[in-house]
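Here is what each chain is made of, one letter per residue.
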Amino acid sequence: FDERTAASLLGNLAGALNGYSLYRGTSFLRDRLGELVASKHVTIVDDGLLEGGMGTRPFDGEGLASRKKVVVAEGRLESYLLDTYSAKKLGMQSTANASRSVADSPSAGAANFHLMPGDVSEEELLDGIENGFYVTELIGQGVNLTTGEYSRGASGLWIENGQLSYAVNEVTIAGNLLQMWKDVDAVGNALDPYRRVSAPPLRVSKMMVAGG
């Protein structure tokens, strides 16, 4: 996945970590705090104090001081994204993730939600792939956050022997988000820290690719 489509996967994960999804029972990550939910290559940070970040703020939407928190540490789930209401429903404490717009009630949401970069270049992510798919565009809304089932239309480039070979359009990629994150076997070294939800390119070792 290139950086834009990887950020889309990260956004799906943020939705599953949202306190409202959790207490309503519509998240595949409910009751998984402390568990391994991704590979060791995955560390995710939500930082409300990041200098210059789009989601930076001194206080959240309920007046609690913003802070930086590690949400996933080398694959282990360390924190949800909670405001006061969703935290109370779950018997937990707010993580200072309340967000609100003018005249609206607060709800839970990420601040600056980033997958931390790894140590390989985008070109090195292709190394060793005999046959694979480099995803540059995702189409449709086939994501079920209750079960984690994932099925999206996609376009991109086919990989042969570590090289980008030819364009591929109108294919379907499918898997389960929990397993997909566990199957991340490399993360690129380039991150745009100024997007609210941002990720480097990443590699998932196996998924279903059909059509084309």
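To be clear, the structure that these remarks concern was listed above.
Since this is a predicted model, take the numbers as computed values, not measurements.

### Topic: the nonpolar core
Argument step 1. In terms of nonpolar packing, the biggest core is built from 43 residues, with Leu17, Ile44, Phe113, Leu115, Trp181 and Leu202 touching the most fellow members.
Argument step 2. The biggest single contributor to this core is helix α1 (residues 3–17), with 7 residues.
Argument step 3. Ignoring any residue separated from it by four or fewer positions in sequence, one finds leucine 115 in contact with Leu10, Val42, Thr43, Ile44, Trp181, Val187, Leu191, Ser198, Ala199, Pro200 and Leu202.

### What about α1?
Argument step 1. Under the 1.5 Å per step criterion, the end-to-end length of α1 is 21 Å for 15 residues, consistent within 8% with the ideal 21 Å.
Argument step 2. Within the sequence span of α1, burial applies to Thr5, Ala6, Ala7, Leu9, Leu10, Asn12, Leu13, Ala14, Ala16 and Leu17.

### Looking at the sheet that holds strand β13 (residues 208–211)
Argument step 1. Across the sheet, 4 strands lie side by side as β7-β8-β9-β13; this open sheet has antiparallel pairing. If you trace the sheet from one side to the other, it starts and ends with β7 (131–139) and β13, each paired once. Averaged over all pairs of adjacent strands, the angle between their axes in this sheet comes to 45°, without regard to strand direction.
Argument step 2. Two strands pair when backbone bridges link them, and strand β9 (residues 163–176) and β13 are joined in this way by 4 bridges, in the antiparallel orientation. Its bridge partner being in β13, isoleucine 173 is matched across the sheet by valine 209.
Argument step 3. α1 rests against β7 and β8 (149–160) of the sheet, and its axis sits at about 70° to β7.

### Examining unusual backbone geometry
Argument step 1. Located in the positive-phi region is glutamate 74, a residue other than glycine, with phi close to 50°.
Argument step 2. Structurally, glutamate 74 can be placed in the loop between β2 (68–73) and β3 (76–77).
Argument step 3. You can call glutamate 74 exposed: its relative accessible area is 57%.

### A few points about the environment of leucine 115
Argument step 1. Inspection of the secondary structure puts leucine 115 in strand β6 (residues 113–115).
Argument step 2. Taking relative accessible area as the criterion, leucine 115 reaches 0% and is therefore assigned buried.
Argument step 3. For the pair leucine 115 and asparagine 131, spaced 16 residues apart in sequence, the C-alpha to C-alpha distance is 26 Å.

Rules of the game
Residues numbered from 1 in each chain as written. Predicted model: local features only at pLDDT ≥ 70, side-chain atom pairs only at ≥ 80, totals over all residues. Heavy atoms only, no water. Core = buried A, V, L, I, M, F, W, Y, C linked by side-chain atoms within 4.5 Å. Buried < 20%, exposed > 50% of the residue type's maximum accessible area, 1.4 Å probe, protein only. Helix = DSSP H or I, 4+ residues; strand = E, 2+ residues; numbered from the N terminus. Contact = heavy atoms within 4.5 Å. Expected span 1.5 Å × (residues − 1). Pairing = 2+ DSSP bridges. Axes fitted to C-alpha atoms, helices over the stretch in contact; angles between N-to-C directions.

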